[in-house]
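Residue strings, one per chain:
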Amino acid sequence: MALKIVKGSIDRMFDKNLQDLVRGIRNHKEDEAKYISTCIDEIKQELKQDNIAVKANAVCKLTYLQMLGYDVSWAAFNIVEVMSSSKFTYKRIGYLAASQCFHENTDVIMLTTNQIRKDLSSPNQYDTGVALTGLSCFVTPDLARDLANDIMTLMSHTKPYIRKKAVLIMYKVFLKYPESLRPAFPRLKEKLEDPDPGVQSAAVNVICELARRNPKNYLSLAPLFFKLMTSSTNNWVLIKIIKLFGALTPLEPRLGKKLIEPLTNLIHSTSAMSLLYECVNTVIAVLISLSSGMPNHSASIQLCVQKLRILIEDSDQNLKYLGLLAMSKILKTHPKSVQSHKDLILQCLDDKDESIRLRALDLLYGMVSKKNLMEIVKKLMIHVDKAEGTTYRDELLTKIIDICSQSNYQYITNFEWYISILVELTRLEGTRHGHLIASQMLDVAIRVKAIRVFAVAQMATLLDNAHLLTGNMQRNGICEVLYAAAWICGEFSEHLENPVQTLEAMLRPKVATLPGHIQAVYVQNAAKLFATILKNQEGNTDSTAAQETSQMMIDRLPLFVQSANLEVQERASCILQLVKYIQKLQQKDVEVAEEVSALFAGELNPVAPKAQKKVPVPEGLDLDAWINEPPSESESEDEQPKAIFTKEEPKHSRPRHTEVDEKELARRREARKQEQANNPFYIKASPSSQKVYQEAPGVEHIPVVQIDLSVPLKVPGLPMSDQYVKLEEERRQKERAEKKKKEKKKRKEKRSGRGKKHDSGPESEEDITPAHVVDIVTEEMPENALPSDDDDKDPNDPHKALDIDLDNLLETTARRPLADSEKLPVRSHRAAGAPKSPAEDGEAENATPQEPKKKSSKEKRDKKKDKERDRKRSKEEKKKKKHKREEKEEDLLGGQAEEAAVQSEETKEVEAQPSSTSAEVSDLDFWLSNAPVPSNTQEAATVAAAEADPAPEAPAGTAADSEPEEPKDTETEESKSSKHKKKKQKKEKEEKEKKKKKKHHHHHHHSDGGGEESVQNGTVEEEEPLPPMSNYCLLAENSYIKMVSDGDCDARLWKFVLLSIC
Amino acid sequence: MIKAILIFNNHGKPRLSKFYEHYNEDTEQQIIRETFHLVSKRDENVCNFLEGGMLIGGSDYKLIYRHYATLYFVFCVDSSESELGILDLIQVFVETLDKCFENVCELDLIFHVDKVHNILAEMVMGGMVLETNMNEIITQVDAQNKMEKSEVIL
């Protein structure tokens, strides 16, 4: 044995240590990979030895190689070995390696549980510290569950060094094992007032992190944080608290009022820029939440804006950046105060720093008006030309489109200008936003009827020059605009100047190189064009022209019939056959134009984005039912979820400048006159004024310049939109003159004219009227669309998904009384799980009142009522469906006995809760309405807890007799918020509960398979999974059976509940 | 939360990488490369905040960095962190390194990456700031190093 050790240490002398490895790598620059692979072989040999020192050295080297990008997961077991060394030196190496390369799917992690537990309870504080640090990086749900109790104990360790680490790691534990939050929370709260500033800071950190995701649950801590804010001198803590208040104020406006004064004081007194900045930020949040109703409101806004201006003007670029960032927050609610600093913001657009330019761009959104839109966009267009890297240029592009299209094109007075801007933007090479330009083109062309003639002409030019757009570079998103161009030319083909030429352009062989979905649109719209041409040509006496067109279609279409893209192929072959048939008829001199154009008759109207969602589900249609049996698991595994209709990678196209020929311009002028004549605003204009417009020298002059451009311009710098800027300026001048005249004479008439012009956006104080009637067609909604107010809540919002974990754990836990099954926070399957001390139980129960406090806000109560109303409505809709199911399921459930039990339980809970809730409500109310900070909040909370305590006992008692493993019904915002009503109208309540029962049946129905067994047993009653849940949630558990649920439990829909029994 | 802490030199060679969320090795290398690419092309006197990292983060995340001689110190953080606070934290980190290594230079980081990790572990834990007081950090680091030495003698 001794010999072995000696041998080991001799070996070790010849081993490379980390420094040797690094040196070696540096000396083998030319064949680094080869050198490292020999090193890894050596490491493998070292790991095979028994000597722990050798192993630790090897693991240390592996950690370094991991940083260089080498996969070292094969050594995971050796890392665990080193972690379990008794020597701190090696242990530290092991934990470091583990923290760098372990993750949830590392299978050896489950071997570490006991080792970590041992280290956590080690007498050496640094063993514990190292274990906590390591664990914070690789904690898994299993580890969190098994070690939650140990870590909780450490939160009260005598050494602050351990305490602060234990407090901090609890956040990770909560994330992985949400059930631990409730029992741990009282202790966490206690740590907010820990004598050690480090521990205090850690607790603040954790609570801020929790509250950020789900602020409403932490509103009750506001008094405590307020006290900390006024007493703490640690800037880190202050910043965190102030940030937390920023998240809380939107929920409780009264809190905001209380905060304004101390925050303003801090702003004036602090020398730390970071603190000042966060104060300003929170004051902004407060002001946003108050938005009105504060007497000295404008003073605070002024203070903020003024401070921010100082930041923006500072030579320190960091402060400038942050100033702009905060400005954009004010912009949303107080645009006026920001607008007064327009000069400064426009100046920042020219900053050399991209980060700052981006921030300034964000602010531009609020800076535009009808008056300056063109000017600002012109400036941005210059930036677009200058911008190098694509990120910033793409950002510019989206911003241009954003500010132009905001609030229904409110600030656009001249759509010809806008279309030309869009056309100019197609010159951008390599942008990702081709589809954005395309959708704008489509939107404008569809919704602004007056612009169609102009748009069609522009699009035809674009199509004609498509060969220049589609350059050599692959993956260029810009050719997406051809999609829009083809569609617009097809759909509004009656406005085309030379439809045959456009048709020819759309059927060029080069088109076949475009992405499939664009080709498909080309083919379809070629058919539309064809119909229009036929219609035009059939009027003529000479029928050969029409037949030539048909022949051209027949000649060109086969190219598309051969396309590899199914959509293109199908459309092309359909249309080819159609044209062949038409040709036959033409040869017999039959008039076909009418019938052909009937194929494409009817106008397409824009559809509201939410329209699809609002189509009511027809009665009897079950959207969740399988149409066919689901495919077997193995099949679906290798199939990537791939949307069928995804767009192909767009190919490159080079943008080009559009030519404008004389005819077109004449037409355009004509059309403009026409529109203006149709414009209610222009009806009043005297004919003479239109003449003036026509004869204005500038108007005549500029187009001539354009005509001379025989060669399509690719040169940036001669943007044709300028032309419209000038035109527009003249138009405005003329208008102003006109208006002056009119104001004197026809005041009344003008007002009525304005009244008709309903869609052109709110009349601003500037006297600019749009050149076109912005006949923005309202988007269509389906008939019998369901009215609902929850449109804005996107169930797929990732933030909401984050919210769920914590929301769930707090809502289901703290708000309702404890149930039997929940007394142990550890969902432990092993006896080793430390049993909970009674003290901890007591704490757990104390957690109960944390929640009800937040109900103090009146608003929230109202919200909940709304929610409930919604839910009721949806329930009623589903009533019929459920009714049928109910009948089926009742047998399965084995009678009504359990139902009755549940019902009585619910009733009791409902009756028990109001007392505690009202106590809490008055508590926070008291604090908010009184100036001094009460220090006895916690006492009040305990009193309330005492009141609440009887509640769990009673229902638990009843439940215990009949079904001991019955979990408490997740007692539910629904019953709670409606408790007032319930008290008054008991009958109504009973009805509601019947409905609830139905809901239970509904769930069982979905659970089929696995769930069936338990249902038949009648032992497990499913609870209502009200709050949305993202991960498995324990429903019920006894020694034989455990029931967990998972699914996208959209509280409103009661769909997709997955039950598993294990 | 801090999502990642990276240190690399002017040529993009990683000197320390600490990810508080799991990525596989290839992605980690890509993130380092991308971050280096973003950071290195910025002038000296521009702001220290950067958006637009594709691989790490998303809209809520920012890169906050400082450039010292040959090294870039980059923190990837979300909106719960104070921007200026993190800048201060980087400063504290570098000053601590300076104290621990006595006039720190890139070579110290190259050859003692494990020690840098140990120092960092006393400042940031699991993506959350643990300690900002330099003296406290140094005390704890020294105490642990002392323990290590005593074990070697044994």
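As shown above, the structure is provided for reference.
Residues numbered from 1 in each chain as written. Chains lettered and ligands numbered in written order. Predicted model: local features only at pLDDT ≥ 70, side-chain atom pairs only at ≥ 80, totals over all residues. Heavy atoms only, no water.

Participant: Explanation requested: the packing of aromatic side chains in the structure shown.
Facilitator: Any pair of aromatic rings gets described here by the distance separating the centres and the angle formed by the planes. Residue and element names in this part refer to chain A. For the coordinates displayed, the defined rule picks out 15 aromatic pairs over all chains. Relative to tyrosine 161, the ring of tyrosine 126 has its centre 5.3 Å away and its plane inclined at 65 degrees; by these criteria the two rings are edge-to-face. Residue tyrosine 126 is found in helix 8 (residues 125–138), and its partner tyrosine 161 is found in helix 10 (residues 160–176); the two are separated by 35 residues along the sequence. Comparing tyrosine 126 with tyrosine 161, the two get one shared label, buried. Note on tryptophan 487 and phenylalanine 492: the rings are 5.9 Å apart at their centroids and 90 degrees apart in plane angle, and the pair reads as edge-to-face. Judged by its relative accessible area of 15%, tryptophan 487 is buried. (Phe/Tyr/Trp six-rings, centres within 6.5 Å; stacked < 30°, edge-to-face > 60°. Helix = DSSP H or I, 4+ residues; strand = E, 2+ residues; numbered from the N terminus. Buried < 20%, exposed > 50% of the residue type's maximum accessible area, 1.4 Å probe, protein only.)

Participant: Just checking my understanding: could you explain the interface of chain B and chain A for this structure?
Facilitator: One widely used convention gives an interface's size as the accessible area the parts lose upon coming together. In this assembly, 58 residues from chain B lie in contact with 61 residues from chain A. Both sides together, the interface formed by chain B and chain A hides about 5600 Å², and carbon and sulfur atoms give 55% of it. Looking at the side of chain B facing chain A, the largest losses of area belong to Phe111, Met125 and Met128 of chain B, adding up to 12% of the total buried there. Seen at the junction of chain B and chain A, the total is 8 salt bridges. In this structure, lysine 164 of chain A and glutamate 136 of chain B form a salt bridge, with 3.8 Å as the shortest nitrogen-oxygen distance. For the interface between chain B and chain A, the tally reads 32 residue pairs in polar contact (both at pLDDT 80 or more). Within the residue set of the side of chain B that touches chain A, elements represented by two or more residues are strand 2 (14–19), helix 1 (25–40), strand 3 (49–50), helix 2 (83–101), helix 3 (106–111), helix 4 (113–121), strand 7 (128–129) and helix 5 (134–153) of chain B. If you tally residues by element for the side of chain B that touches chain A, the top one is helix 5 of chain B, at 8 residues. (Contact = heavy atoms within 4.5 Å. Buried area = accessible area lost by both parts, 1.4 Å probe. Salt bridge = Lys/Arg side-chain N within 4 Å of Asp/Glu carboxyl O. Polar contact = N/O pair within 3.5 Å; in protein donor to acceptor, adjacent residues only side chain to side chain.)

Participant: Got a minute to help me understand helix 2 of chain B in this structure?
Facilitator: Note: α-helices contain 3.6 residues per turn, so residues at a spacing of three or four share the same orientation. Its 19 residues give helix 2 of chain B an end-to-end C-alpha distance of 27 Å, which sits within 8% of 27 Å, the value for a rise of 1.5 Å per residue. Following helix 2 of chain B by one or two positions, glutamate 102 of chain B has its phi on the positive side, about 55 degrees. (Expected span 1.5 Å × (residues − 1).)

Participant: So what exactly am I meant to see when it comes to the environment of leucine 322 of chain A here?
Facilitator: Within the fold, leucine 322 of chain A resides in helix 18 (residues 317–333). Taking C-alpha positions, leucine 322 of chain A is 7.9 Å from tyrosine 277 of chain A, a pair spaced 45 residues apart along the chain. When near neighbours in sequence (up to four residues on either side) are disregarded, leucine 322 of chain A contacts Tyr277 of chain A together with Phe49, Glu83 and Leu84 of chain B.

Participant: It is not clear to me how the sheet that holds strand 2 of chain B should be interpreted in this structure. Could you clarify?
Facilitator: Adjacent strands of a sheet form backbone hydrogen bonds with each other and so pair up, either parallel or antiparallel. All names here are of chain B. Taken together, 5 strands build an open sheet; the order of strands is 2-1-5-4-3 and the sheet is antiparallel. Of all strands in the sheet, those bounded by a partner on one side alone are strand 2 and strand 3. Pairing of strand 3 with strand 4 (residues 62–68), which is carried by 2 bridges, proceeds in the antiparallel orientation. Across the sheet, phenylalanine 49 pairs through a bridge with isoleucine 64, a residue of strand 4. (Pairing = 2+ DSSP bridges.)

Participant: Just checking my understanding: could you explain the environment of glutamate 32 of chain A for this structure?
Facilitator: By the secondary structure assignment, glutamate 32 of chain A is in helix 3 (residues 32–48). The exposure class of glutamate 32 of chain A is partly exposed, given its relative accessible area of 26%. Setting aside its immediate chain neighbours within four residues, glutamate 32 of chain A contacts Ile25 of chain A together with Lys13 of chain B.

Participant: What should I look at first to understand the packing of helix 15 (residues 253–269) of chain A against helix 17 (residues 297–313) of chain A in this one?
Facilitator: Packed helix pairs are specified by the crossing angle of their axes together with the interaxial distance, meaning the distance between the axes. Residue and element names in this part refer to chain A. Closest axis-to-axis distance for the helix 15/helix 17 pair is 12 Å, and the angle between their directions is 30 degrees. On the basis of the axis angle, helix 15 is roughly parallel to helix 17. The interaxial crossing formed by helix 15 with helix 17 has left-handed handedness. Contacts from Ile260, Thr264, Ile267 and His268 of helix 15 reach helix 17 at Ser300, Leu303 and Lys307. Residue classes in the contact of helix 15 with helix 17 are distributed as 3 nonpolar, 3 polar and 1 charged. (Axes fitted to C-alpha atoms, helices over the stretch in contact; angles between N-to-C directions. Parallel < 35°, antiparallel > 145°, perpendicular 65-115°, else oblique. Left-handed = near helix turned anticlockwise from the far one by under 90°. Nonpolar A, V, L, I, M, F, W, Y, C, P; charged D, E, K, R; others polar.)

Participant: I tried to follow the pairing of strand 2 of chain B on my own but got confused; where do I start?
Facilitator: On a regular strand, one side chain projects to one face of the sheet and the next to the other, so that they alternate. All names here are of chain B. Strand 2 sits mainly inside the fold: 6 of its 6 residues count as buried. Note that strand 1 (residues 2–9) and strand 2 share 5 bridges and pair antiparallel. Across the sheet, residue phenylalanine 8 finds its bridge partner in strand 2, namely proline 14. In this antiparallel pair of consecutive strands, strand 1 and strand 2, the connection spans 4 residues, and glycine 12 shows a positive phi of 85 degrees.

Participant: Which parts of the structure should I look at to understand the packing of helix 4 (residues 52–67) of chain A against helix 6 (residues 88–101) of chain A?
Facilitator: Residues and elements named next belong to chain A. Helix 6 packs onto helix 4 with a crossing angle of 30 degrees between their chain directions and a minimal axis gap of 9 Å. In terms of orientation, helix 4 and helix 6 fall into the roughly parallel class. Crossing of helix 4 over helix 6 shows left-handed handedness. Between helix 4 and helix 6, the residues in contact are Ile52, Ala53, Ala56, Val59, Cys60, Thr63 and Gln66 and Tyr90, Ile93, Leu96, Ala97, Gln100 and Cys101, respectively.

Participant: Honestly, the environment of glutamine 29 of chain B in this entry has me stumped. Any pointers?
Facilitator: Position of glutamine 29 of chain B among the secondary structure elements: in helix 1. Residue class for glutamine 29 of chain B comes out buried when judged on its relative accessible area of 14%. Between the alpha carbons of glutamine 29 of chain B and serine 17 of chain B there is a distance of 9.5 Å; along the sequence they are 12 residues apart. Contact partners of glutamine 29 of chain B, with chain neighbours within four places excluded, come to Gln66, Met67, Leu68 and Gly69 of chain A.

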